[in-house]
Amino acid sequence: MPHQEAESIRTEGEGWTGGEDTRSAPPLLPQPARTVPASPGAVAPKPSDELEPELARRLRPLFGTVPPSGGIALAVIRGDERTVSCHGFADRAAGRPVRADTRFELGSVTKTFTALLLADMVARGEVRYDDPIDRYLPDGLVPGYPHERPITLLHLATHTSGLPRLPGGLAASAAPRWFTDPYATFSAAHLLRALPRTPVRGTPGAQVRYSHLGTGLLGLVLANAAGRRYQELLRSRVCEPLGLIDTSCGTGGEEVTSYRRGRSLPSFRIPALPGAAALRSTADDMLRYLQAHLAVDVVPIPERTGAAASLRVALRDVCLPRVVRRRSGVRICLTWNQRQRGEGELLHEAGSTRGYSAFVGFDRAAQVGLVAMANTQPSSRRKFTQVAYQALLGLADAAERAED
């Protein structure tokens, strides 16, 4: 995700305090659905071949952000309509097309899952938003910060902890693999050793300073609070209840291959900070993820030890604004960015790894949502995130006009 400078904030309202194991995903809500698969042939289909014309027009710029050798998967919700559109190649050398069950790396979109896990644990009474991180870390292994205002779980989830973007020592570890798999050899043990030497820049809660370290550390402290590994905790509390059967931190299934200068890249690994950027998912799963945020009250969630009740509370809680950037007016929810749009509020997050780009956004008032995932890291000229945001904004505006 692009670097964001520190920016002063104000708090928003009083928001500062705060499934079943199965491989069969629950059905989407009983509404019309469209799936537009990629052609299995050696030549990728044109992006708009089978889409409804008006939707094809709105999505066409997104397809243009990916080069001919790449592939892209889109999931769209517009009121009653569900669309998955896949184009291009998961592996061009093998002639393997992108499909609805092809897994992409999500990068920083992972942070929204970590935030949902936090909100679920708060709803269950297992942690509190204002808990200091010291409570869930070994003695002496905490960043250096003013103890009169400790870093809290909410600070980590809103990028207001004052922590730097990356942990100390990671750059040296990453340098030999900077263009392939930079974080692979930086382990959780390295992270814990680095924390006492990690400076806090400013008073916690005073500024927005985007931090992979902060959100990754949130995943670690939640895992410590529950006594389970982050991957296992996320699977049981979020992925399985929502029917996200192909969403996980590890490799497996129908994976996409990404390339740099004609050579395939290894799968992205970030063992020290999985809560920041480790997830992989499919267009099918991300369609369900969108639906869960857009239809909180009716999305099917298995009843199991209160899982449905706490997760529905969490799905609402992650969308509540917590702080506001003074200059831009953009609100920060639990990792989600929120922008006012007419009568609605547009929430979005983007992410990238060395070979992948992803964007997720939705507007509850307009009942629209968009996921875009590509197996290439587009150049700055292609502006994947900006184009995806504009496509989502166009979908929301069109839905609002249709209601007038």
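Just so it is clear, the structure is predicted and the values come from calculations on it, not from any experiment. (Residues numbered from 1 in each chain as written. Predicted model: local features only at pLDDT ≥ 70, side-chain atom pairs only at ≥ 80, totals over all residues. Heavy atoms only, no water.)

Focus on the side chain of serine 85
Structurally, the position occupied by serine 85 is in strand S4 (residues 81–91). By relative accessible area, serine 85 is classed as buried at 1%. (Helix = DSSP H or I, 4+ residues; strand = E, 2+ residues; numbered from the N terminus. Buried < 20%, exposed > 50% of the residue type's maximum accessible area, 1.4 Å probe, protein only.)

Remarks on unusual backbone geometry
Positive phi is not limited to glycine here, since histidine 159 has a value of about 60 degrees. Mapped onto the elements, histidine 159 comes out in the loop between helix H3 (153–157) and helix H4 (170–174).

Points about the environment of valine 323
Along the chain, the position of valine 323 falls in strand S12 (residues 323–325). Measuring from C-alpha to C-alpha, the distance between valine 323 and valine 208 comes to 8.5 Å, with 115 residues separating the pair along the chain.

Concerning the packing of aromatic side chains
All told, the structure shown has two aromatic pairs when counted by the stated rule. An angle of 5 degrees between the planes, with centres 4.0 Å apart, marks the rings of phenylalanine 113 and tyrosine 289 as stacked. Linking phenylalanine 113 in helix H2 (residues 110–123) with tyrosine 289 in helix H9 (residues 283–294), this pair joins segments that are 176 residues apart in sequence. Each member of the pair, phenylalanine 113 together with tyrosine 289, is buried. (Phe/Tyr/Trp six-rings, centres within 6.5 Å; stacked < 30°, edge-to-face > 60°.)

Topic: the pairing of strand S3 (residues 71–78)
The element S3 is largely enclosed, with a buried count of eight among its eight residues. In S3, alternate side chains face the same way, and those of Gly71, Ala73, Ala75 and Ile77 on one face and Ile72, Leu74, Val76 and Arg78 on the other are all buried. Across eight bridges, the pairing between S3 and S4 is antiparallel. Residue pairing in the sheet places isoleucine 72 in a bridge with histidine 87 of S4. Connecting S3 to the next strand, S4, in antiparallel fashion are two residues, including glycine 79 with a positive phi near 60 degrees. Across seven bridges, the pairing between S3 and strand S17 (residues 368–374) is antiparallel. When the bridges of S17 are listed, leucine 74 appears paired with alanine 372. (Pairing = 2+ DSSP bridges.)

Remarks on H2
With 14 residues, H2 extends 20 Å between its outermost C-alpha atoms, agreeing within 8% with the 20 Å of an ideal straight helix rising 1.5 Å per residue. Most of H2 is tucked away, with 13 of its 14 residues classed as buried. In the stretch just after H2, glycine 125 is the one whose phi turns positive, near 80 degrees. (Expected span 1.5 Å × (residues − 1).)

Some words on the pairing of strand S6 (residues 102–105)
Here S6 shows two buried faces, one formed by Thr102 and Phe104 and the other by Arg103 and Glu105. Pairing of S6 with strand S8 (residues 254–255), which is carried by two bridges, proceeds in the parallel orientation. Directly across from threonine 102, in S8, lies its bridge partner glutamate 254. Looking at chain direction, S6 and strand S11 (residues 280–281) are connected through two bridges and run antiparallel. Looking across to S11, one finds that phenylalanine 104 is bridged to serine 281.

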